[in-house]
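Listed below are the residues making up each chain.
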Amino acid sequence: MRVALYQPDIAGNLGTILRTCACLQVSVDIIEPCGFPFSDRSLKRAGMDYFDHVQYTRHPDWDAFDASLDSRPARIILFSSKAETAFHEFEYQKDDVLLFGSEGTGVPQNIHDRADERVTIKMTTGMRSLNLAVSAGMALGEALKQTGQFPE
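Residues numbered from 1 in each chain as written. Predicted model: local features only at pLDDT ≥ 70, side-chain atom pairs only at ≥ 80, totals over all residues. Heavy atoms only, no water.

**Some remarks on the overall build of the chain**
Alright, step 1. Scanning the chain from N- to C-terminus turns up 5 helices and 7 strands.
Alright, step 2. Helices (α) and strands (β) of the chain occur, in sequence order from the N terminus, as β-α-β-α-β-α-β-β-β-α-β-α.
Alright, step 3. On C-alpha atoms alone, the chain measures out to a radius of gyration of 14 Å, which is about the 15 Å that the 2.2 N^0.38 rule sets for 152 residues.
Alright, step 4. By its C-alpha atoms, the chain is 40 × 35 × 35 Å across when sized along the principal axes.
Alright, step 5. Expressed as a percentage of the 152 residues in the chain, the buried residues total 47%.
Alright, step 6. Long-range contacts, defined as pairs at least 24 residues apart, comprise 76% of the intrachain contacts of the chain with a sequence gap of at least 6.
Alright, step 7. Counting every atom, the chain has about 8,300 Å² of accessible surface; 46% of that belongs to carbon and sulfur.
Alright, step 8. A distance of 6 Å separates the average location of the 15 positive side-chain charges in the chain from that of its 21 negative side-chain charges. (Helix = DSSP H or I, 4+ residues; strand = E, 2+ residues; numbered from the N terminus. Rg over C-alpha atoms; globule rule 2.2 N^0.38 Å. Buried < 20%, exposed > 50% of the residue type's maximum accessible area, 1.4 Å probe, protein only. Contact = heavy atoms within 4.5 Å. Areas by Shrake-Rupley, 256 points an atom, 1.4 Å probe, with all protein chains shown as cover. Lys, Arg positive; Asp, Glu negative; His and termini not counted. Charge placed at Lys NZ, Arg CZ, Asp CG, Glu CD.)

Put into structure tokens, the structure is as follows:
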């Protein structure tokens, strides 16, 4: 199980996701460019001292990330407000990559097309979106529960 973030815009969200993934022993793929300078200082507040415990890979762009999947048996599961399937009704597999778009723009159509599956976190009518770090935490919790991959 991995979490992939497409061009994250907010350092605090990335820091929080890195911290969550450190605690749950889940690797993170960061697909650049980020909307902020990627540095310990910009991520420190939310990630605190967890950076030494998280495994993350920075990819210069989508193509580099996509190419890195060639050697792994992974499905890309895109979290999208445009999807129909509820994230908690989807059946996850141990090698899935949970992909989240940037806070401001999501992902472009070519990435929607490349995703193996698309799921959504359904919300109350009239609400636009959840915070990225909250969405990633909810999704990761459900996926780890279903696949029995929580740390012991």
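**Overview of the nonpolar core**
Alright, step 1. Counting residues in each nonpolar core, the largest one holds 34 residues, and the members touching the most others are Phe79, Tyr92, Leu98, Phe100 and Leu140.
Alright, step 2. Setting aside chain neighbours within four positions, we find leucine 140 in contact with Met1, Val3, Thr20, Cys21, Leu24, Val26 and Leu98.
Alright, step 3. Core analysis: the second largest hydrophobic core is formed by 13 residues, Leu78, Val107, Ile111 and Ala115 among them. (Core = buried A, V, L, I, M, F, W, Y, C linked by side-chain atoms within 4.5 Å.)

**Observations regarding the packing of aromatic side chains**
The relative placement of two aromatic rings is captured by the distance of their centres and the angle of their planes.
Alright, step 1. Under the criterion given, the structure shown has 4 aromatic pairs.
Alright, step 2. Relative to tryptophan 62, the ring of tyrosine 6 has its centre 6.4 Å away and its plane inclined at 65 degrees; by these criteria the two rings are edge-to-face. Note that tyrosine 6 is positioned in strand β1 (residues 2-6) and tryptophan 62 in helix α3 (residues 62-68), a separation of 56 residues in sequence.
Alright, step 3. Judged by relative accessible area, which is 10%, tryptophan 62 ranks as buried.
Alright, step 4. On the numbers, 5.0 Å between centres and 75 degrees between planes, the contact of phenylalanine 90 with tyrosine 92 is edge-to-face. (Phe/Tyr/Trp six-rings, centres within 6.5 Å; stacked < 30°, edge-to-face > 60°.)

**A short note on a nonpolar patch on the surface**
Alright, step 1. Side chains of Met123, Met127, Leu130, Val134 and Met138 sit close together on the surface and give an oily, nonpolar patch of about 420 Å² of accessible area.
Alright, step 2. By the secondary structure assignment, methionine 123 is in the loop between β7 (117-120) and α5 (132-147).
Alright, step 3. Its relative accessible area of 33% is what places methionine 123 among the partly exposed residues. (Patch = residues over 30% accessible without salt bridge, like charges linked within 9 Å, V, L, I, M, F, W, Y side chains within 5 Å. Salt bridge = Lys/Arg side-chain N within 4 Å of Asp/Glu carboxyl O.)

**Quick look at the pairing of β1**
Along any regular strand the residues' side chains alternate between the sheet's two faces.
Alright, step 1. Counting buried residues in β1 gives 5 out of 5 residues, a clear majority hidden from the surface.
Alright, step 2. The alternating pattern of β1 places Arg2, Ala4 and Tyr6 and Val3 and Leu5 on opposite faces, both of which are buried.
Alright, step 3. Pairing geometry for β1 and strand β2 (residues 27-31), over 5 bridges, is parallel. Note on β2: the bridge partner recorded for arginine 2 is serine 27.
Alright, step 4. One crossover worth recording links β1 to the parallel β2 by way of helix α1 (residues 11-24), and it is right-handed.
Alright, step 5. Inspection of the sheet shows β1 paired to strand β6 (residues 97-100) by 4 bridges, in the parallel sense. Counterpart to arginine 2 in the pairing with β6 is valine 97. (Pairing = 2+ DSSP bridges. Right-handed = clockwise from strand over helix to strand, strands pointing away.)

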